[in-house]
Amino acid sequence: MGGRLLILGAVAAIGATGCATHTAATLPDPAASTTARAITVEAISRIQPGRSTQAEVQAALGSPWRRTNYGETYCGCEHHDLQEVWEYRGVDSNGNYKLHLEFDEDGVAQTVAKIPGAGGAVRVMAAPPDDTHPVDGAHQDVAQNSRRK
Amino acid sequence: MSKHQQNRVGLFLLPLLGVATPLSATAAYPPNGPDIPEITLTEGPPRQRETPPPPGAFDEQSQWNMALVGYNDLQGRSAYQPIIINQDKREIAYVGHHAGFAINPLTGKEEPNGTSIVDVTDARNPVYLAHIPGPPGSLDAAGAQMVRVCSGSVLPKAEAGKWYLLRSHGNAGPDEAHEIWDVTDPRNPAFLTTIVDGLSNTHKSWWECDTGIAYLVANRTSDGWHQSGSNQHLKIYDLSNPAKPRYIRDFGLAGQQPSAKGNPPPGIHGPISAGSGKNRVYMAYGVGANGIFQIVDREKLLNGFTDPINPTQEEILAPQKGFINMSPDQGGHSAFPVYGLPIPGFQDGFTRLTRRDIVILVSEAGANYCIGEGPHLAFLVDVSNESTPFPISTLRVPQHPGDFCNKGGRFGAHAVTESFYPPYYGKLAIISWFNAGTRVWDIRDPFDPKPVAYFIPAPNDNTIASCSMLDGTRCSTAIQTNNVEVDDRGLIYSADRAGTGMHILRLTGLARRIVEGR
């Protein structure tokens, strides 16, 4: 199911019909990063999907742990989804999570989602987050934001 | 004896225990030489249809006739294209990345995504050697999706003993480039030169190592070329001496040249050259929609023009041997040729066309959760008569079992392996299928291909979630196998668009017996 952290076993011996899994090395902790800092619920609450710009997000949360841009806005290729993703790492009462933000072509945050690190429900935030009421949907995805691209 | 003949790239037998024992070879295949692997009939077990087992849960690794050998996290960067080079008896993986920023644990600094270099000689324990950063500054300008590598001992005018990396520099900005790095010491890559800058829309290029001809995908607005859909065409260079690039010409479909009028066709996604021996270049246009597949005469492409930047209509049509329009819901992402495939069932009684030349033609899925699009597929196209390419079968992964449209991320075809690896050539088609992982088909009878293997990695802590806003906002953490490639030991490398890393795989079971001929 989506949104779950897998704790994978160490490399298994490779047998004739062998099946191995690997431990994915977790990227550097934000505490060790010079460009990231701990995020708080209060800081997250300042992010308004549909309104907050990248500058406002950075002012509220600091530099992201990781940024990705798939680039298909620029190539002119047919694509359907937002291309730029910022991620922050955080910790709440349920453990580690990633705060996942997707920006439109104008640099406005349109999707804000809390991605649990240990199997909890993915929560898409149309409004400031509520730690106490995760909503489960099909396959642990949530459709709260009805905004269409 | 030519230079490339003196410097054959080693060919390895299919590994018996997962990691190969090298054997010398006498042939040099594209991109290192003009030879094409010969395909013999009825090798391997009788063609049979095994029913693929259903994959496990979305958060589980699933495999069928494939096994995981090794893994590297690629620093969590969104990966596009891997290529694996037998470099001075070491196996080195070079991986291009989409735009982004992440921390390089080797330096402790945040670096714009560029090119990962990983020593996979011991496939069970890959060692990350270096990250060549992409362009600094805006995220819009970062990334280096494409990578090719040639030996200076194979390139006609390069320094023997050196190794050269060709890559795009930026994939989403107004001032991109293609550039060359010296990767003779892969732990300490050194910038060599910029081939061409001022570009936009760089993408998946091809470099003939034995001739030095490079087919670079990009656009430059000031050149006046026209495209619809994907905004890119070819800029062809002679990189036989990588330190001194020599421009040859620009090329695309008729209607894209600067003097053309009217509604232009879609831009190219990536070419694959079969080299000087076959004298053909296969070009896929359109990426994920309104696709066009084109067969091009290489010699005419490289020599048949007067104005390199603005060819006439006659000049741009002259190299075209044939083309096919795909249905509007399918695009041309990559097109890999398979020559001389002996067709089971055609061998007795018939006196001609018992062997066929085919092309594995792949579209690209483009929507998370399948919302807003139909299935994106791969096709086997009979190009025996080049002027009339004709699709003869379809490679597809059904939505069920697996419920892939609800798994998250993209579900559908993306890219075929581009290695002329003899044990697999004409037997297997290995294609990345986004959230359905690496998919393998038995194509010994291209009129009736059969699925024989798959591998779907589990998402991990580095996996980037995928969201969609088209039908209410949904997000899931799903793997996205972007590109797959084969090394000269038969190991298969799967690179993940969602930052999950690179998985090194080997064949087992029926898939392995097919290539071992038992």
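Thresholds applied
- Residues numbered from 1 in each chain as written.
- Chains lettered and ligands numbered in written order.
- Predicted model: local features only at pLDDT ≥ 70, side-chain atom pairs only at ≥ 80, totals over all residues.
- Helix = DSSP H or I, 4+ residues; strand = E, 2+ residues; numbered from the N terminus.
- Rg over C-alpha atoms; globule rule 2.2 N^0.38 Å.
- Contact = placed C-beta atoms within 7 Å.
- Buried ≥ 20, exposed ≤ 12 C-beta atoms within 10 Å, placed from the backbone.
- Pairing = 2+ DSSP bridges.
- Axes fitted to C-alpha atoms, helices over the stretch in contact; angles between N-to-C directions.

1. Observations regarding the overall build of chain B
Move 1: The secondary structure content of chain B amounts to five helices and 35 strands.
Move 2: Here the C-alpha atoms of chain B give a radius of gyration of 21 Å, agreeing with the 24 Å that 2.2 N^0.38 yields for 518 residues.
Move 3: Principal axes of the C-alpha set define a box for chain B whose edges measure 65 × 55 × 50 Å.
Move 4: The contacts of chain B with a sequence gap of at least 6 include a subset with a gap of at least 24, amounting to 62%.

2. Quick notes on the overall build of chain A
Move 1: Summing up its helical and strand segments, chain A has three helices and five strands in all.
Move 2: Counting across all 149 residues of chain A, residues that qualify as buried make up 48%.
Move 3: Long-range pairs, those at least 24 residues apart, make up 37% of the contacts in chain A between residues at least 6 apart in sequence.

3. Structural notes on the pairing of strand 16 (residues 213–218) of chain B
For a regular strand, side chains alternate in direction, first toward one face of the sheet and then toward the other.
Residue and element names in this part refer to chain B.
Move 1: For strand 16, a buried count of six out of six residues is recorded, marking the element as mostly surrounded by other parts of the structure.
Move 2: A two-sided burial pattern is seen for strand 16, the buried positions comprising Ile-213, Tyr-215 and Val-217 on one face and Ala-214, Leu-216 and Ala-218 on the other.
Move 3: One ladder, built from two bridges, connects strand 15 (residues 206–207) with strand 16; its direction is antiparallel. Across the sheet, the residue bridging to Trp-206 is Tyr-215, located in strand 16.
Move 4: Between strand 15 and strand 16, which follow one another and run antiparallel, lie five residues, and Gly-212 among them has a positive phi close to 90°.

4. Points about the sheet that holds strand 21 (residues 292–297) of chain B
Residues and elements named next belong to chain B.
Move 1: Spatially, 19-20-21-22 is the arrangement adopted by the four strands of the open sheet, whose pairing is antiparallel. At either margin of the open sheet sits one strand with a lone partner, and together these are strand 19 (268–273) and strand 22 (320–325). Strand-to-strand twist across the sheet, computed as the mean angle between neighbouring axes with direction ignored, equals 15°.
Move 2: Taken together, the six bridges between strand 20 (residues 280–285) and strand 21 define a ladder with antiparallel strand orientation. Paired with Tyr-282 across the two strands is Ile-295, which belongs to strand 21.

5. Some words on the sheet that holds strand 17 (residues 233–238) of chain B
Residues and elements named next belong to chain B.
Move 1: Taking strand neighbours across the sheet as the criterion, the four strands line up as 15-16-17-18 in an open arrangement whose pairing is antiparallel. The open sheet has two free edges, formed respectively by strand 15 and strand 18 (246–251), since each of these has just one partner strand.
Move 2: Note: strand 17 against strand 18, five bridges, orientation antiparallel. By the bridge assignment for strand 18, Asp-238 is matched with Arg-246.

6. Re the pairing of strand 6 (residues 90–97) of chain B
All names here are of chain B.
Move 1: Of all eight residues in strand 6, seven are buried; the element is thus mostly enclosed.
Move 2: By the bridge criterion, seven bridges tie strand 5 (residues 79–87) to strand 6 in an arrangement that is antiparallel. By the bridge assignment for strand 6, Gln-87 is matched with Arg-90.
Move 3: Hairpin connection from strand 5 to strand 6: two residues lie between these consecutive antiparallel strands, with Asp-88 at a positive phi of about 55°.
Move 4: Relative to strand 9 (residues 115–119), strand 6 runs antiparallel, the two being bridged by five bridges. The residue bridging Ala-93 from the neighbouring strand is Val-118, located in strand 9.

7. Structural notes on the environment of Gly499(B)
Residue and element names in this part refer to chain B.
Move 1: Inspection of the secondary structure assignment puts Gly-499 in the loop between strand 34 (492–496) and strand 35 (502–507).
Move 2: When the C-alpha positions of Gly-499 and Ala-378 are compared, they lie 24 Å apart, and in sequence the two are 121 residues distant.
Move 3: Excluding its chain neighbours within four sequence positions, the residues that come into contact with Gly-499 are Gly-76, Arg-77, Ser-78, Asn-462, Thr-463 and Ile-464.

Functional significance is not addressed by these values, which are geometric in nature.
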